[in-house]
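# Geometric and topological summary
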Amino acid sequence: MHDERDRIGVIGGGLGGLAAACVLAARGYKVVVFEKSPWLGGKAAGLAEAGFRFDMGPTILTIPSILRRIFTEAGRPMEEYLDLIRLDPQWRCFFADGSVLDLVQDIEQMATRLDAYAPDTQSAAGYRDFLALSKRLHRISNDHYFWRSVGGIGDMIDWKAGFSVKLFRDVLAMRMGRSVAATVRKFNPDPRVAQMLDHFTQYVGSSPAQSPAVLCGIAHMQTSEGVWYPRGGIRAVPDALIRLGEELGVEYRPDCGVRQVLTDTTGRAIRGIETESGEVVELVAVVSNADSVRTHRELMNETAPRTARRFERRRGYEPACSGVVLYLGLNRAYEHLLHHDFVFSRDPEEEFDFIYRKGEPAPDPTCYLAATARTEPETAPPGGEALYILVHTPYLRPHHDWAKLFPEYRRVILDKLKTTGKMPDIEERIVYESALTPQDIHDRYRVLNGAIYGLTSHGKWAGAFKPANRSPDVKGLYLAGGSAHPGPGMPMVLMGGWIAADTLDQDRAAPKTAVTLEPVGV
């Protein structure tokens, strides 16, 4: 019989927390997940009203091998839990000049399309070369950055093995000091093609002009493994992880917020948590899937103030961007849309300058659309459309009052869809509408200043680095989620949950209380 004090607590039942719980349980640990909201899954929540069904948060599944790795930890085939549908073309792009370009997975097919779309610009050759660099950057990330706790470049180096020639070449290939935007434009001179490729970095909610070039590796991650839609929507992913966790013995406690993380008298070792109801739960280790900054500022400031101060001094913590999300139920679908679409701004430099430098909503924004009835007709009544629209905005500033800003900005978004998006009668087709503003996102998900994507990836030298998954300050504290390594975006958050669990296991931070399952086919 196990000792209740040997349990591991996971704070936050978002995707990273669910992933960490499943991996830990598969490896023989007793796990309890504390979630303040009445639902599990964090931003991967669902909305069903008036015959329409929407994913409220993430809508694109890429790099499914990361998700599969979590299931193989338990010796379970992912296909028994999820039905994934490949989407190709992956995106449809609408540009301000009226042109349309589809992004397809096959590199040679895409190059042929670019030759026709932007003749005499060498865009096809540039795209091939860009994807070759992206492939190398992805390999470097896999070798030195992914699947381990990393908080800075020093953590990427195996000091026992020494600084090899191969590692030196890899460091040079990371193009440190150069931005995503500059790298994209070196290979792709057509401004429309460059604008499309810039938006791979929008998975991490940061400006291409301020983000490190190594993030160009995201392009190969998407072209190599594809874009997928789980039948039932992205909500099917947390549902699958919850089911796996239940089968492995994970205890879930929704509607149970954590007031503070408890440490020993030195403030250097975990001893448990206190819930918002005042219950003290003794734990041998904690994985915090809550925002890493708010974990230290709000959950540890009283119990471990020195730790909180050390965390604050380690680096700057700027939130990534926020967004306005519209959920529109249409009585008639638009046949010119694909499952995923981008309706691009007229000037990306102006757009990103407003969002990331001025801290104000862009006057002419890019709109991302998900029209899921293309793939799963059940998401809308017959002939209708459940249209999800996301427009990136600045994270919350003190002067932002979204109760006043939203009506006008809704008009800006709809005007953009009417013109560049070729939907002039969209308002006449709306029969259901709901929305989230940055303030709603801040309140609903308890993120930092309404940020959708955790911490920004700005900084051409160190922008890719986030707080490490293993706390350097508190024994038994581990971090997951978009504001911890390897950062935001659905696949990275899932990987971060795996890393936190794997690091805890390597540290032998808790005694195992069950039979360890043998992973298969990783």
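Scroll up for the structure.
Our subject in this report is the structure included herewith. The model shown is predicted, which means the values in this text are computed figures rather than measured ones.

## Topic: the overall build of the protein
When helices and strands are tallied, the protein shows 16 helices and 20 strands. In terms of principal-axis extent, the alpha carbons of the protein reach across some 65 × 60 × 50 Å. Across the 522 residues that make up the protein, the buried fraction comes to 63%. Partitioning the intrachain contacts of the protein with sequence separation of at least 6 by distance along the chain shows that 73% fall at a separation of at least 24. Put simply, the protein shows about 20100 Å² of open surface, and 51% of that area lies on carbon and sulfur atoms.

## Overview of the side chain of Ser471
Within the secondary structure layout, Ser471 lies in the loop between helix H15 (438-445) and strand S20 (477-479). Take Ser471: its relative accessible area is 8%, and that puts it in the buried class. A polar side-chain atom of Ser471 sits 3.1 Å from the main-chain amide nitrogen of Asp473.

## Thoughts on helix H10 (residues 292-299)
Summarising burial for H10: six of the eight residues are buried, a large majority. Within H10, burial applies to Ser292, Val293, Arg294, Thr295, His296 and Leu299.

## Quick word on the pairing of strand S11 (residues 258-263)
Most of S11 is tucked away, with five of its six residues classed as buried. Taken together, the five bridges between S11 and strand S12 (residues 270-275) define a ladder with antiparallel strand orientation. Each residue of the ladder has a partner; that of Val258, found in S12, is Thr275. The loop that links S11 with its antiparallel partner S12 comprises six residues; one of these, Gly267, has a positive phi angle of about 75°.

## A word on the packing of H10 against helix H11 (residues 305-314)
Helices that pack against each other are described as a pair by the angle of their axes relative to one another and the distance between those axes. At a minimum axis separation of 9 Å, H10 and H11 run at an interaxial angle of 145°. The handedness of the crossing between H10 and H11 is left-handed. Judged by residue contacts, Ser292, Val293, His296 and Arg297 of H10 engage Thr307, Ala308, Phe311 and Glu312 from H11. Across the contact of H10 with H11, the residue classes break down as three nonpolar, three polar and two charged.

## A look at the sheet that holds strand S16 (residues 340-343)
Spatially, the seven strands line up as an open sheet ordered S8-S7-S16-S17-S18-S15-S19, and their pairing is mixed. Edge positions in the sheet fall to strand S8 (100-103) and strand S19 (430-436), since each has one partner strand and no second. Taken over all neighbouring pairs, the strand axes of this sheet differ in orientation by 20° on average, direction set aside. Across the face of the sheet, helix H13 (residues 402-419) comes into contact with strand S15 (322-330), S16, strand S17 (367-371), strand S18 (385-393) and S19 while running at roughly 60° to S15.

## Section: the nonpolar core
In terms of nonpolar packing, the biggest core is built from 149 residues, with Met196, Leu241, Ile389 and Leu417 touching the most fellow members. Leave out the neighbours within four places in its chain, and Ile389 touches Val324, Val325, Leu326, Leu328, Cys367, Tyr368, Leu369, Ile413 and Leu417. If you look at the next biggest cluster of nonpolar residues, it comprises 16 residues, including Val32, Val261, Ile270 and Ile273.

## Thoughts on the pairing of S16
Of the two faces of S16, both are covered, the one formed by His340 and Phe342 as well as the one formed by Asp341 and Val343. For S16 and S17, the ladder comprises four bridges, and the chain directions are antiparallel. Counterpart to Val343 in the pairing with S17 is Cys367.

## Topic: the sheet that holds S11
Through backbone hydrogen bonds, the strands of a sheet pair up, either in parallel or in antiparallel fashion. Strand order in the open sheet formed by three strands is S11-S12-S13, with antiparallel pairing between adjacent strands. In the strand order of this sheet, the two ends are held by S11 and strand S13 (280-282), each with one partner. Going across the sheet, the axis of each strand differs from the next one's by a mean of 25°, ignoring polarity.

## Quick word on the packing of aromatic side chains
Evaluated as defined, the whole model comprises 19 aromatic pairs. Each ring, one from Tyr368 and one from Tyr388, has its centre 6.0 Å from the other, and the planes form 70°; the classification is edge-to-face. Of this pair, Tyr368 sits in strand S17 while Tyr388 sits in strand S18, placing them 20 residues apart in sequence. Positioned above the aromatic ring of Phe354 is the side chain of Lys358, whose terminal nitrogen or guanidinium carbon lies 4.2 Å from the ring centre.

## Some points on the pattern of salt bridges
On inspection of all chains with the given rule, the structure shows 38 salt bridges. A salt bridge links Asp473 to Arg310, with the shortest nitrogen-to-oxygen separation between them at 3.3 Å. Pair noted here: Asp473 is in the loop between H15 and S20 and Arg310 is in helix H11, with a separation of 163 residues, a long-range link. Residue Glu427 is joined to Arg411 by a salt bridge in which the shortest nitrogen-to-oxygen separation is 3.0 Å.

## A closer look at the environment of Ala44
Residue position: Ala44 is located in the loop between strand S2 (31-34) and strand S3 (46-49). Each C-alpha atom of the pair Ala44 and Leu337 lies 23 Å from the other, and the pair is 293 residues apart in sequence. Not counting residues within four places of it along the chain, the set of residues in contact with Ala44 comprises Leu15, Pro58, Ile234, Arg235 and Pro238.

Cut-offs used in this document
Residues numbered from 1 in each chain as written. Predicted model: local features only at pLDDT ≥ 70, side-chain atom pairs only at ≥ 80, totals over all residues. Heavy atoms only, no water. Helix = DSSP H or I, 4+ residues; strand = E, 2+ residues; numbered from the N terminus. Buried < 20%, exposed > 50% of the residue type's maximum accessible area, 1.4 Å probe, protein only. Contact = heavy atoms within 4.5 Å. Areas by Shrake-Rupley, 256 points an atom, 1.4 Å probe, with all protein chains shown as cover. Polar contact = N/O pair within 3.5 Å; in protein donor to acceptor, adjacent residues only side chain to side chain. Pairing = 2+ DSSP bridges. Axes fitted to C-alpha atoms, helices over the stretch in contact; angles between N-to-C directions. Left-handed = near helix turned anticlockwise from the far one by under 90°. Nonpolar A, V, L, I, M, F, W, Y, C, P; charged D, E, K, R; others polar. Core = buried A, V, L, I, M, F, W, Y, C linked by side-chain atoms within 4.5 Å. Phe/Tyr/Trp six-rings, centres within 6.5 Å; stacked < 30°, edge-to-face > 60°. Lys NZ or Arg CZ within 6 Å of the ring centre and 35° of its normal. Salt bridge = Lys/Arg side-chain N within 4 Å of Asp/Glu carboxyl O.

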